[in-house]
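# Descriptive structure summary
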Amino acid sequence: MEYSKLKGTYDIIPEESDFFRNIKAKVESILNISGYKKIEFPVIEKAELFIRGAGEASDIVVKKEMYTFEDRGHRMIALRPEGTASAVRLYLENSLSMQGYSSRMYYCGPMFRAENPQAGRYRQFTQYGVEYIGDEEPMVDVELIQLNSQIFKALGLKKYTIFINSIGCRECRPNYLFALKKYFEDKIDKMCADCKKRYGTNVLRILDCKEESCRAFIKNAPTGIDYLCEKCKEHFESLKNYLNNLKIPYQIDPGLVRGLDYYNRTVFEIKSELLGAQSTISAGGRYDYLIKELGGMETPASGFAFGMERLAILIEKELGRAKKDFYIPPEVYVAYIGKENLYNALEIINRLRENGITAVTEYKYSNLKKHLRTADSMKAKFALFAGEDEIKSGEYTLRNLSTGEQTTGTIEEIIKTLLSYA
Ligand code: HAM
């Protein structure tokens, strides 16, 4: 092959597309019924939006994960690495704060990160993101966690765990960071290169290191919850109480910190062991400072996002259903016999389609054997024969291709029969 796809990207072939259609329909019906409205924003934005948004110490910036280029006007443009900063930009640019109620929004689309590709980690991936802007109540975080869980349940998933933590606010976090710095001071020399870098840029992120040798030191590090101020403690207590009362199972992970800098107070991740190294399917939390950081008024907000690719892997691992297993075959394959009957066949196809029945044929064939072979390859449910005799009499034969059972009738009768199976 002279041309092949870039590393860390993937194709969706026709047989797999019903998987994405199916998942998207389920996800969006839950989000719509919960009052979230779909928003769309460009794939390209000013790089500065993400540098300010994700933060100077975020992986996106520190690990140079952003795909950027200079345009003809010498502006630095980025392919969006995530959606929260764009959603906030959209919120501000369209004065959504003036609407008099909180913004419940969601989006779905490709995100780009120059990461080291591996199973579940791509350079172009598709994210569903959900944002709730305008309310600092812990119940907002609960609604989001519950929504996320409802989505996974609706997809048939059960084997996942919700992890929560609070990383405090501007008031209390410095004390915790100071304690962490002090704790790691005499250990950092023995830790990995990434941790050494994080010690200088964002010591909190050391807690996220997966290196075995670093984990031994991290295990005994001070926990953030012990350093929360009264208000953050209260917020976290309410969050836990609401989750308990709603019987939403969760685990507290004091080491849970996020790769993006904009979070404060509640952070959460949903993980599944079935996913291996990239075990996080979904992640999010509160970002009460980001709106002001990007030029708006101080406005509390919270949200989460999950990747479709990891979801696909999980569905395959947990439910044993690969993307191709979601393939929906055509309802009817119209086997027309004799080139002269092509127009009649097309008329039948259109009648079926108008009635919501998927109908196809192969124009290049006009012989029964080839048609039946094609119908079989497509896994069509029925074949409808349109030869000379059928067209003259107006009576057609419909064959169920899995049972071999046949029925005869006018097109109206056949449509009725087909619709009764639906
Ligand atoms: P994130 O943790 O960077 O958060 O990404 C959220 C989810 O996107 C991950 O849990 C994973 O499922 C998927 N994901 C991330 N990177 C990749 C990748 N390279 N390949 C495949 N999937 C990936 C955010 O992006 C935040 N904007 C979430 C958020 C929304 N926080 C508040 N609102």
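Since the model is a prediction, treat every value here as computed from it, not as a measurement.

Now for a nonpolar patch on the surface. A cluster of nonpolar residues, Val43, Ile44 and Phe69, forms a patch on the protein surface that exposes about 230 Å² of accessible area. By secondary structure assignment, the location of Val43 is in the loop between strand 1 (37–38) and strand 2 (44–46).

Moving on, we get to the packing of aromatic side chains. Tallying each qualifying case throughout the model produces 16 aromatic pairs. Members of the aromatic cluster, joined through ring pairs, are Tyr106, Tyr128, Phe152, Tyr160, Phe268, Phe304 and Phe306. Residue placement shows Lys187 over the ring face of Tyr183; its charged tip is 3.9 Å from the ring centre.

What follows deals with the sheet that holds strand 16 (residues 406–409). Judged by pairing direction, the sheet is mixed, and its five strands sit side by side in the order 13-12-14-15-16 without closing on themselves. At either end of the open sheet lies a strand with only one pairing partner, and these are strand 13 (359–360) and strand 16. Relative to strand 15 (residues 396–400), strand 14 (residues 382–386) runs antiparallel, the two being bridged by four bridges. Each bridged residue has a counterpart across the sheet, and for Leu384 the counterpart in strand 15 is Leu398. This element, helix 12 (residues 342–354), spans strand 12 (332–336), strand 13, strand 14 and strand 15 of the sheet and lies at about 165° to strand 12.

By size, the foremost hydrophobic cluster in this structure holds 49 residues, and its most contacted members are Phe184, Ile206 and Leu207. Counting residues per element, the ones that place at least two in this core are helix 2 (47–54), helix 4 (84–93), strand 5 (103–112), strand 6 (124–133), helix 6 (173–184), helix 7 (193–201), helix 8 (212–218) and helix 10 (290–293). Each of domain 1 (14–169 + 228–323) and domain 2 (173–213) gives at least three residues to this core.

On domain assignment, one finds that the protein holds domain 1 (14–169 + 228–323), domain 2 (173–213) and domain 3 (329–421). For domain 2 versus domain 3, the distance between C-alpha centres works out to 67 Å.

Glancing now at helix 5 (residues 138–154). For an α-helix the count is 3.6 residues per turn, leaving residues at separations of three or four pointing the same way. Over its 17 residues, helix 5 runs 24 Å from end to end, which matches the ideal 24 Å to within 8%, given 1.5 Å per residue. Among all positions in helix 5, only Pro138, Val140, Asp141, Val142, Leu144, Ile145, Leu147, Asn148, Ser149, Ile151 and Phe152 are buried. Once helix 5 ends, the next one or two residues include Gly156, with phi positive near 90°.

Over its 12 residues, helix 11 (residues 308–319) extends 15 Å from the first C-alpha to the last, a length consistent with the 16 Å expected when each residue adds 1.5 Å. Along helix 11, the residues that are buried comprise Met308, Glu309, Arg310, Leu311, Ala312, Leu314, Ile315 and Glu318. The inward-facing, buried residues of helix 11 abut helix 1 (14–33), strand 6, helix 5, strand 10 (280–286) and strand 11 (301–307).

This part covers the sheet that holds strand 8 (residues 251–252). The eight strands are arranged 1-5-6-11-10-9-7-8 in an open sheet whose pairing can be described as mixed. Two strands lie at the open edges of the sheet, namely strand 1 and strand 8, each paired on one side alone. In this sheet, strand 11 lies alongside strand 6 in antiparallel orientation, the contact comprising seven bridges. Counted as the bridge partner of Val130 is Phe304 from strand 11. Against the sheet, helix 1 contacts strand 1, strand 5, strand 6 and strand 11, and its axis sits at roughly 10° relative to strand 6.

Below, the discussion takes up the environment of Ile414. The residue Ile414 is located in helix 15 (residues 411–421) in this model. It is 62 Å that separates the C-alpha atoms of Ile414 and Gly295, two residues lying 119 residues apart in sequence.

Procedures and definitions
- Residues numbered from 1 in each chain as written.
- Predicted model: local features only at pLDDT ≥ 70, side-chain atom pairs only at ≥ 80, totals over all residues.
- Heavy atoms only, no water.
- Patch = residues over 30% accessible without salt bridge, like charges linked within 9 Å, V, L, I, M, F, W, Y side chains within 5 Å.
- Areas by Shrake-Rupley, 256 points an atom, 1.4 Å probe, with all protein chains shown as cover.
- Salt bridge = Lys/Arg side-chain N within 4 Å of Asp/Glu carboxyl O.
- Helix = DSSP H or I, 4+ residues; strand = E, 2+ residues; numbered from the N terminus.
- Phe/Tyr/Trp six-rings, centres within 6.5 Å; stacked < 30°, edge-to-face > 60°.
- Lys NZ or Arg CZ within 6 Å of the ring centre and 35° of its normal.
- Pairing = 2+ DSSP bridges.
- Contact = heavy atoms within 4.5 Å.
- Axes fitted to C-alpha atoms, helices over the stretch in contact; angles between N-to-C directions.
- Core = buried A, V, L, I, M, F, W, Y, C linked by side-chain atoms within 4.5 Å.
- Buried < 20%, exposed > 50% of the residue type's maximum accessible area, 1.4 Å probe, protein only.
- Domains from an automatic or database assignment.
- Expected span 1.5 Å × (residues − 1).

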